[in-house]
Amino acid sequence: MDAVPARTRGYVAAVALLAAPCLSRPPDTPGSWLAPALLAALYAACEHAVHRRFGGTFYPVLLAGAFLLPPSAAALVPVPAALLCPVDHRPALPRRVWRAARPALAVWAAARVHEALGGRDAVAGADFPYALLPAGAAVLAFCLVLTALDGGLRAAAGLVPPCRTWRALLARSLAPVAVHGLAGLMMAVLWRSPYGPVSALLVLLPMCVSWWVFAQYHRERAAHQATIRALVQAVDIKDGYTRGHSERVGQASVLIARELGLDDDRVEVLRFAGILHDVGKLGVPTRLLRKDGPLTPEERRIIELHPEYGHEMVRGISFLGEARTAILHHHERLDGTGYPYGLAGDRIPECARIVAVADAFDAMTSTRCYSRARPVEAAVAELERCAGAHFDPRMVRALVRALRREGWRPAVTADEPAYGTAPAERTPRTGAHR
Amino acid sequence: MTVLGLIHTAAALVAAGSVAETLWTGLADRGDALAFGLLVTVGELTRWSDDRARQAAPLGAAGSLSYALLGAVAGRPSQHDAAQVVTVVLVAALLGAVPHIWSGRAPTADHLARRVLTVGFAALCFQPLYNKGVFTAWDGPAYALLLLTLLALTSLSGTALAAALAHCRTGRPFGPLLREEVRGLLGIGSAVVATGAVMALAVAVAGLWALPVFCLPLLLVQLSVRRYAAVRATYRQTIASLARATEIAGCTPAGHARRVAALSVAVGRDLRLTGPELTVLEYAALMHDIGQLSLVDPVPAGATAALPAAEQRRIALLGGAVVRQTGVDPAVADVVERQADPYPEQPLAARIVRAVNAYEEKSRDAGPRGARRALEELRLGTAGDYAPEVVESLARVLAQPRTARERVPVRRPGWSDPAPGWVTHG
């Protein structure tokens, strides 16, 4: 998103106009400036440290502000951070305005709700459990305003139909913001207590550690996925023409699995099964893989060892689950003429039958050194001809249905990091909009 | 008496004395005791053991520390003494440990000893003075800072205790263990200290309601730590599988990468490398032969140490290129790339990998006397190829009885050896 379209600019300007009245009545007595100023400085510092490194937003300070201050003062807390923190992408001005106006409006609404329910007295008197009620209402208001604004921005950018996004955004952000709200409430209670702001600062430490560990987790996960990719690329080093084949088989396996209505975890496992199905080719001598012309029976037997090599290689990776049996059995045929074990019918694991269809489909529709690519219709006709003898008819029908509905766009190449992450996880986390 | 026995006896004495005194005087503030006991039990129930995460029960630790430093509940001064703190924490921890003992998962005796001693220390520093009214003059922020200082002292002594226990259990030198523990303190340990202090303060202000409200952020930390540990474990498995690729491709004999990794880590420990450095070393040792995958014809038996230097360096560079694509720490790729350089130009990890790999290749099929001869060859080669201090360390490690060397394995769930006699073609 390098250039900001005019509609988005207009939307940001409208939100800023809406936020302006919230900011227009600052506190009047000189002493009442202290708390907002401290909180704003704290928020700016946290944002600078947390947002830049881990790509999240630091809500506990904002919510503590909403629980401690009158609405107009609370709305000021996020503003300095938005103006001071560096912006990653250009143009900077609309981004800064958006980053200031969005949380300002949300905090203002939260503080308003909190005040109306008598929350500030409850916080000052540490009146538990009553204090939880206004705090909960304020968190809800905060979340609602944030998701409404985010959904509006997406709609203005023409990305997705707003109604569905709103519901998804709200569902995703409510739980984390609620935890942040509890931390914010504790911060506010301690701030007003005799122990003062120093003890309130301590509340932030576990949150920071949590962010830190979470960022480590994401780094490690990304590294893990890169390693899986490296396993595939190690095959590519030996066997040039399969480039991209693994990813496409993963894609086709996912198509079939979704069509069969398998649950999300199994679909993910099948994606890995498709990607890694040929990993055993690492064990086949490079000369054989690159050989032009027909293979002798001896050479063919060596190549047919690759499912067993692959299984041997990945059997230590426990998260792959049933993908490991899919790798072992993806060359079995329904009539028992396949390899390595010559299993027949239902004895072949379901996931292996899916990968077998996906593998054959991609082999036919892509160019190999020994054959030209065939059109999708011809490949489908061939699959249907062999259904029952080689392939499970149920899987073939599922593939045909999925292809008819979604089409086949094998755009994935070996260099694209497009697999391994579920779509839901690839979308930005709560509040990570820039 | 060993240090281990000393620690256990001290913990048992503290526990017995506290229980006896509490039985004598009876429980004060039963409601508070029950609430904190419940918190600690829940914290212990969610404990898990892992080779990396040292604070395996952060909630239990924070709850027991905050009970040790509890001065008031909703403005009313508390009445309990140090002995009661130890008793309540002990009973709660025992209750929470029942499922762990039942399934035989985690070493419970050490854990309990640590818990009793650290909590006893904190309570003994705070409760007698508080009950005498020494802290009445400390009000407001000063009191908060006092609690924080006490907690920091407690966790520092706790790390020393943990390092001593680990030293007794594994036989690794105390210094690096202490360093690792202190570094662990900066991560989740600081969250435990802060939560302990905040819980004590928040209960003083808002009463027992603060406990459930405050569990949540720490539970969040615990959840992320567990997920992190899980993804680390699968990552390690994947790296190990990638390393096995060379064995299956017939480039190297079965188990070579794993043996080089285990021996390298042992040498790295002997040379006092710390946690993250050991991880880099282990990954690099696992993947040190990966460059051979790029060769059209495999090196006979994968014995790279016998090749000309230029060829060795070419394979090392090819390997580094593959490792760079795996997304591991670039330091790992660096070690793999430089494993064939002359040792004065190498980082320590690369020196270790080079020497251990050469030793493994030379000693593998050489019969019973082969190990000593291989070591002699390495010593002769120290003039240019192998670093003398690494070869000496390797000799020390090899001189240890096999069980002592293997008593400190890094836990690898689900990582199995290749079946013996599994022949790869090639």
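Predicted model, so just to flag it, every value in this text is computed and none were measured.

**Q** For the interface of chain A and chain B, give the residues involved together with the corresponding values.
**A** When the parts of a complex come together, some accessible area is lost, and that lost area is often used as the size of the interface. Listed as interface residues are 56 residues of chain A and, on the opposing side, 60 residues of chain B. In total, about 5,300 Å² of surface goes out of reach between chain A and chain B, with carbon and sulfur atoms giving 74% of it. By the criterion of area lost to chain B, the three top residues of chain A are Tyr195, Leu202 and Glu220 of chain A, representing 13% of everything that side buries. With a shortest N-O distance of 3.8 Å, Glu220 of chain A and Arg232 of chain B are connected by a salt bridge. Residue composition of the side of chain A that touches chain B, grouped by class: 38 nonpolar, 11 polar and 7 charged.

**Q** Which residues make up the pattern of salt bridges, and what values do they have?
**A** If the charged atoms of two oppositely charged side chains come close together, the side chains can form a pair. Residues and elements named next belong to chain A. Inspection of the entire model under this criterion finds 30 salt bridges over all chains. The partner of Glu350 in a salt bridge is Arg266, with the nearest N and O atoms 3.1 Å apart. Of the two residues, Glu350 sits in helix α17 (residues 350–365) while Arg266 sits in helix α12 (residues 264–276), which places them 84 residues apart along the sequence. Across the pair Arg271 and Glu268 runs a salt bridge, and its minimum N-O distance is 3.3 Å. Here the residue Arg271 and the residue Glu268 both occupy positions in helix α12, the gap between them amounting to 3 residues, near one helical turn. An identical accessibility class is assigned to Arg271 and Glu268; each is buried. A cluster of three or more residues bridged by salt bridges with shared partners is formed by Glu259, Arg401, Arg405 and Glu406.

**Q** Which residues make up the side chain of Ser363 of chain B, and what are the values?
**A** Of note, Ser363 of chain B is situated in helix α13 (residues 348–363). Setting aside chain neighbours within four positions, we find Ser363 of chain B in contact with Gly370, Ala371 and Ala374 of chain B.

**Q** Could you give an account of a nonpolar patch on the surface, naming the residues involved and the relevant values?
**A** A cluster of nonpolar side chains, Leu117, Tyr130 and Leu133 of chain A, forms an exposed patch at the surface whose accessible area comes to about 270 Å². Relative to the helices and strands, Leu133 of chain A resides in helix α8 (residues 132–156).

**Q** Requested: an account of helix α8 (residues 210–248) of chain B, with residues and values cited.
**A** Residues and elements named next belong to chain B. Taking 1.5 Å per residue, 39 residues should reach 57 Å; α8 reaches 57 Å between its end C-alpha atoms and fits that length. Along α8, the helix axis deviates most sharply at Leu216, where the bend reaches about 25 degrees; the proline Pro217 sits within four residues downstream. Of all 39 residues making up α8, 30 are buried, and the element is well covered by its neighbours. One or two residues past the end of α8 sits Gly250, with phi positive at roughly 80 degrees.

**Q** Explain the UniProt feature "transmembrane region" (unreviewed entry) in chain B to me, and be specific about the residues and the numbers.
**A** All names here are of chain B. Taking the numbering used here, the UniProt-annotated feature "transmembrane region" (unreviewed entry) corresponds to residues 82–100, 112–130, 142–165 and 185–211. Segment residues 82–100 splits into 100% helix and 0% strand. End C-alpha atoms: 27 Å apart. For residues 142–165, the helix share is 100%, the strand share is 0%, and the end-to-end C-alpha distance is 35 Å.

**Q** Hey, could you go over the nonpolar core for me, with residue numbers and the actual values?
**A** Within the largest apolar cluster, 109 residues are counted, with the highest numbers of intra-cluster contacts made by Leu383 of chain A together with Leu394 of chain B. Beyond its immediate chain neighbours, meaning those up to four positions away, Leu394 of chain B contacts Leu263, Val267, Ala355, Val356, Tyr359, Leu375 and Leu378 of chain B. One finds Val177 and Trp191 of chain A together with Val85 and Ala210 of chain B within the second-largest nonpolar core, a separate group that totals 107 residues.

The rules behind the values
- Residues numbered from 1 in each chain as written.
- Chains lettered and ligands numbered in written order.
- Predicted model: local features only at pLDDT ≥ 70, side-chain atom pairs only at ≥ 80, totals over all residues.
- Heavy atoms only, no water.
- Contact = heavy atoms within 4.5 Å.
- Buried area = accessible area lost by both parts, 1.4 Å probe.
- Salt bridge = Lys/Arg side-chain N within 4 Å of Asp/Glu carboxyl O.
- Nonpolar A, V, L, I, M, F, W, Y, C, P; charged D, E, K, R; others polar.
- Helix = DSSP H or I, 4+ residues; strand = E, 2+ residues; numbered from the N terminus.
- Buried < 20%, exposed > 50% of the residue type's maximum accessible area, 1.4 Å probe, protein only.
- Patch = residues over 30% accessible without salt bridge, like charges linked within 9 Å, V, L, I, M, F, W, Y side chains within 5 Å.
- Areas by Shrake-Rupley, 256 points an atom, 1.4 Å probe, with all protein chains shown as cover.
- Expected span 1.5 Å × (residues − 1).
- Bend = angle between axes of the 7 residues up to and from the residue.
- UniProt positions renumbered as here; feature names shortened; annotations may be inferred.
- Core = buried A, V, L, I, M, F, W, Y, C linked by side-chain atoms within 4.5 Å.

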